[in-house]
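Structural description and commentary
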Amino acid sequence: MIQNNIRKLVQYALQTNLIEEADKIYTTNRLLELFRLDELEETDTDVTMTEEELEAVLSEMMDYAYEQGIMTENSIVYRDLFDTKIMSMLVPRPSEVISTFKAKYEKSPQEATDYFYKLSQDTDYIRRYRIKKDQKWIAPTKYGDLDITINLSKPEKDPKAIAAAKTAKQSGYPKCLLCMENEGYAGRVNHPARQNHRIIPVTINESRWGFQYSPYVYYNEHCIVFNSKHIPMKIEHDTFCKLFDFVKQFPHYFVGSNADLPIVGGSILSHDHFQGGHYEFAMAKAPIERKCTIKGFEDVEAGIVNWPMSVIRISSENTDRLIALADVILDAWRGYTDEDAFIYAETDGEPHNTITPIARKRGDKFELDLVLRNNITTDEHPLGVYHPHAELHHIKKENIGLIEVMGLAVLPARLKGEMEQLAEAILEKKDIRGDEVLEKHADWVDAFLTNYSDVNKDNIMDILHKEIGDVFMRVLEDAGVYKRTEEGQAAFDRFVESLNK
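Residues numbered from 1 in each chain as written. Predicted model: local features only at pLDDT ≥ 70, side-chain atom pairs only at ≥ 80, totals over all residues. Heavy atoms only, no water.

**So, the sheet that holds strand β3 (residues 200–204)**
With respect to topology, 10 strands assemble into an open sheet ordered β3-β4-β5-β7-β6-β13-β14-β10-β9-β8, the strand pairing being antiparallel. Strands at the two margins of the open sheet, each flanked by one partner only, are β3 and β8 (288–292). Recorded for the sheet is a direction-independent mean angle of 25 degrees between the axes of neighbouring strands. Pairing geometry for β8 and strand β9 (residues 301–305), over 4 bridges, is antiparallel. Across the sheet, Cys292 pairs through a bridge with Ala302, a residue of β9. Seen against the sheet, helix α6 (residues 109–122) touches β3 and β4 (207–213) and runs at an angle of roughly 55 degrees to β4. (Pairing = 2+ DSSP bridges. Helix = DSSP H or I, 4+ residues; strand = E, 2+ residues; numbered from the N terminus. Axes fitted to C-alpha atoms, helices over the stretch in contact; angles between N-to-C directions. Contact = heavy atoms within 4.5 Å.)

**Observations regarding the packing of aromatic side chains**
Per the counting criterion, the structure on display carries 31 aromatic pairs. Between Phe116 and Phe211, the aromatic rings sit 5.7 Å apart at their centres with planes inclined by 40 degrees, giving tilted as the arrangement. Within this pair, whereas Phe116 is found in helix α6, its partner Phe211 is found in strand β4, the two being separated by 95 residues in sequence. Accessibility assignment for this pair places Phe116 and Phe211 in one class, buried. When the centroid spacing of 5.1 Å and the interplanar angle of 75 degrees are considered together, the rings of Trp333 and Phe495 count as edge-to-face. You can see Trp333 sitting in helix α11 (residues 319–334) and its partner Phe495 sitting in helix α16 (residues 486–498), a full 162 residues away along the chain. The residues Trp333 and Phe495 share a single accessibility class, namely buried. Pairwise contacts between aromatic rings join Phe101, Tyr105, Phe116, Tyr117, Phe211, Tyr213, Phe246, Phe250 and Tyr253 into one cluster. (Phe/Tyr/Trp six-rings, centres within 6.5 Å; stacked < 30°, edge-to-face > 60°. Buried < 20%, exposed > 50% of the residue type's maximum accessible area, 1.4 Å probe, protein only.)

**A closer look at the sheet that holds strand β1 (residues 135–141)**
Taken together, 3 strands build an open sheet; the order of strands is β1-β2-β15 and the sheet is mixed. On the outer flanks of this sheet lie β1 and β15 (408–411), each paired with one strand and no other. Put simply, the sheet's adjacent strands are angled 20 degrees from each other on average, direction ignored. In terms of strand pairing, strand β2 (residues 144–150) meets β15 through 4 bridges, oriented parallel. Within β15, the position partnered with Asp147 by the bridge is Leu408. Relative to the sheet, helix α15 (residues 460–479) contacts β1, β2 and β15, its axis offset from that of β2 by approximately 105 degrees.

**Points about helix α3 (residues 54–67)**
An ideal rise of 1.5 Å per residue puts 20 Å on 14 residues; α3 measures up with 20 Å between its terminal C-alpha atoms. Within α3, burial applies to Leu54, Val57, Leu58, Met61, Met62, Tyr64 and Ala65. Buried residues of α3, seen end-on, are gathered within an arc of 155 degrees and therefore sit on one face of the element. Buried-residue contacts for α3 involve α1 (2–15), α4 (76–88) and α7 (128–131). Positive phi shows up at Gly69, right after α3, with a value of about 80 degrees. (Expected span 1.5 Å × (residues − 1). Arc of directions from axis to C-beta.)

**Points about unusual backbone geometry**
Glycine aside, residues mostly have negative phi angles, and peptide bonds mostly take the trans form. Here the residue pair Tyr173 and Pro174 is connected by a cis peptide bond, since its omega of -20 degrees sits within 30 degrees of zero. Inspection of the secondary structure assignment puts Pro174 in the loop between α8 (159–167) and β3. Phi is positive for Asp124, which is not a glycine, with a value near 70 degrees. For Asp124, the position within the fold is in the loop between α6 and α7. We note that Ile263 has phi near 80 degrees; this positive angle belongs to a residue other than glycine. Along the chain, Ile263 turns up in the loop between β6 (254–256) and β7 (273–277).

**Quick word on the nonpolar core**
Core analysis: the largest hydrophobic core is formed by 95 residues, its most contacted members being Leu9, Phe35, Ile86, Phe211, Ile314, Ile329 and Tyr482. By size, the runner-up hydrophobic cluster in this structure holds 52 residues, among which are Phe254, Val410, Val471 and Ala479. (Core = buried A, V, L, I, M, F, W, Y, C linked by side-chain atoms within 4.5 Å.)

**A word on the pattern of salt bridges**
In the structure shown here, the tally under the stated rule is 38 salt bridges. A salt bridge links Lys242 to Asp272; its shortest N-O distance comes to 3.9 Å. You can see Lys242 sitting in helix α9 (residues 237–249) and its partner Asp272 sitting in the loop between β6 and β7, a full 30 residues away along the chain. Asp272 sits in the buried class, given a relative accessible area of 7%. Each of Glu280, Arg313, Arg360, Arg362, Glu367 and Asp369 takes part in a single network of salt bridges with overlapping partners. (Salt bridge = Lys/Arg side-chain N within 4 Å of Asp/Glu carboxyl O.)

**Side note on the state of the cysteines**
In this structure the tally under the stated criterion is 0 disulfides. With no disulfide of its own, Cys179 lies 3.8 Å from the sulfur of Cys176, the closest cysteine sulfur. Taking relative accessible area as the criterion, Cys179 reaches 4% and is therefore assigned buried. (Disulfide = S-S within 2.5 Å.)

**So, the environment of Lys107**
The residue Lys107 is located in helix α5 (residues 94–107) in this model. Considered as a pair, Lys107 and Phe254 are 147 residues apart in the sequence and their alpha carbons are 20 Å apart.

Here it is, written out as structure tokens:
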């Protein structure tokens, strides 16, 4: 079996252009060495392999490695470390990938990213077979169609690996998951293997950055652009310059930055980075509902977007003008307080106001969406006033970062099982409040069931999907600093008017 799987994997590498015919014997010998074999047995059988077989072939190879004592443990963490090592035997060197990318970029930026995205999947850095497990659907709302995904592609760590991670030597290398030093890194129980990972160097605003894809691909061509230096996130003038510099180099991609404060920021505030991709989110499709003119920037189109969060969109063919106006808005918002609207620039010296910016090109014009954020907390809302409120935590409790801001809910894996159990409980009229796992959903179910006259096994999951979409819409409304009420929008207008003073 191992002999045949080595042949199949080499054939896969040839079919996907990871290696060339001249690399076949060399690659075979590297795999033989990995599996402590002295030779490849002769056979007259022609071997083929499809992309869909990759998971099974790697799994059989790891079973063999464990049986032979090559792999010391057989749980998911150790298997992920070892199958990455297997795939590393097939991956071109960084210099080769960069050279191919640059050659394709000369023809077309999109041709270059198409190549790199496919490579990132073929090398199993992006595990297609896991991404397919994610549950995804569209939720129509008054703000447009929101994207909902239950993330099932991140494997749960097993208890043995968790215990091993606690006793493992703490290493500062790489400093985080976004550092350049991850490229080719073998990994350890508390840090994923990245031997099959490649990074494209890009120059943004005269500084060295890296361009890669997210291994979890929450949307099409979900990329990460990160500073070559391990420095903290910061929203400032240079941020806007870098966003537009990237969009000019890759005009078919949008790019945005998480905010730079806890609660309203992303999961990695310690390393300056952006996220982008080849996808149009609901927020990008949302229209401007109130146009506004800002003094000194009459040549720039500006307006408030019809979106649950508080978004100012500015548009122009001239990115210098957009950057200059973004500076004005950011500086004004950083220091803006409106007690009537419960917006405080700072309390006890702690700053609260920041911005989540997203840049894109639309036709001949460039656009910049500036999402106003505030991370103030209170006794009533200890996780954040402009954060999902407690009654929504049964669905979404985590921070609302860039991806959610744009209209894509990344929901925890627990919901898959909980929704299946909840569907059964509703249909069989079980006591939901008496169920330790489902009790947290009871008030929500009581509230929405009255809206449906007929609930049956054919429509129950559609109903749950719709209601989860409505919860996510409310999550975004909670995260909006200016509420979608007459009073809230009047307060939003006051801030915009303050820009003209």
